[in-house]
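A look at the structure
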Amino acid sequence: MTLVNSPEPVIDAHLAVALDALLAEQSVTRAAARLHTSPAAMSRTLGRLRRVLQDPLLVRAGQTMVPTPRAQALRDEAATVVRRLGALLSPGAGVDPAALHSTFTLQAADLVGAALAPGLLQLAGQEAPGVSLRFRAEDLEAGPALRDGRIDLEVGSIDHVDPETRVEELLALRMVAAVRPDHPLTGRTLTPARLAAAEHVVVSRRGRFTGPLDTALAELDLHRRVTVVLPSHLAAMALAARSDVVCLIPAALPGAAPSPLTDAATTFGLHLLDIPLPLPPMTLGMAWHPRHAADGAHHWLRDAVRRTLRAAGSPAT
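Let us look at the structure shown here. (Residues numbered from 1 in each chain as written. Predicted model: local features only at pLDDT ≥ 70, side-chain atom pairs only at ≥ 80, totals over all residues. Heavy atoms only, no water.)

**What about the pattern of salt bridges?**
Under the definition given, this model contains 14 salt bridges. Taking the shortest distance from any N to any O, the salt bridge between aspartate 20 and arginine 34 comes out at 3.5 Å. One end of the pair, aspartate 20, is in helix H1 (residues 13-25); the other, arginine 34, is in helix H2 (residues 28-34), with 14 residues separating them in the sequence. Look at arginine 34 and you get partly exposed, because its relative accessible area is 38%. Among the salt bridges present, the one from glutamate 199 reaches arginine 225, with a minimum N-O distance of 3.1 Å. Linking glutamate 199 in strand E7 (residues 199-203) with arginine 225 in strand E8 (residues 225-230), this pair joins segments that are 26 residues apart in sequence. A relative accessible area of 52% means that arginine 225 is categorised as exposed. (Salt bridge = Lys/Arg side-chain N within 4 Å of Asp/Glu carboxyl O. Helix = DSSP H or I, 4+ residues; strand = E, 2+ residues; numbered from the N terminus. Buried < 20%, exposed > 50% of the residue type's maximum accessible area, 1.4 Å probe, protein only.)

Right, here's the structure in full:
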C-alpha cells in the first residue's frame, strides 16, 4: 500500500490578525475599522474563520455580539501570536550599544589603524564597553574576506569593485611630503626639481617603486630616486624622522581641519610640506558586506568609524 503524505496546512497570517481584531473588538464593524477594511470584507473573513475553527466564535446577543467559550479561550493566544508576527516582520530594531558583547575585525593599513584605534576605543569605552576591536593588516583579499566573515569592515582606499560590497566614502585627502624638521628641503621654496632630487621612501604592500608622484614628475622630465620601499607608513615615517628620505603621507585638503592620519607624523616630529604638483586626491572609505547593512551592532561600528574620522576631518568653519 502506498502512503500519500497530506500537504502541510497553509498558514494565513491575515486570518490570525483578523481573529485578534474580532475577539478584541467583539464587533465586525469595529474590527473592520481597526484593520482599515470594510465591514462586508470583515464579515466574510469571520465566516472563513468559523469554517476553519469549526466554531461560531461571535454570536448575536441583542444589539451586540458575544464570544463563544472557544473564542474566549483563543483571545489571549491570538493577541500573542499577532504581537510575535509584528516583531518577526518588522525592521530590525536598533541595539543598545551598552549591551553589546562583540568583537569586530577591521582590515586597514597601519596608518589608518593608528588613526582609528584611539578614537574607536574611546567611543567604545563611553558607549559600548563590551566591544573589542581586532585590526588586521591588509593581508586578505577584502571582497572574499568580507563575504565569508573573516573581516567585518575594511577601512582605507577601497580599490576592489565587488557588485555586492557596500562602500561609503568618508574623507577626501591629498598627499604631502613628510620630512624631519632640519631636512634640506625645509627653509626654501619647494620646487618639483628639488623634490625630485631628494631621496625617497615609497610605501607599497606590493613592493612597487613608483606611484602618482612619479607620473607627475615625468611630465616635467623629472625623475626621483627611491632608495627604499617599505610596506608600512609607520615604518616609513620612522625612517624619515632619522634620515633625509622623503615620505609621502595623506593629509587633509586645504580648508579642512587636520586629518587624524597626520597624528602619527606629528608624533614622529615630522614637518609636512605641500607638494608643488597636481596629484590625484585620495579617498578614504569603508566597505562591508550587505548582510550587515541592517545589523544594529554593525551599524554602531560604522557610525563609530564615521565619527572618529570625520570629527577631526570636517571642514573648518
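**As for unusual backbone geometry**
You will see that glutamine 54, though not glycine, has its phi angle at about 55°, which is positive. With respect to the element layout, glutamine 54 can be found in the loop between helix H3 (39-53) and strand E1 (58-61). On the basis of relative accessible area, glutamine 54 is assigned to the exposed category, the value being 72%.

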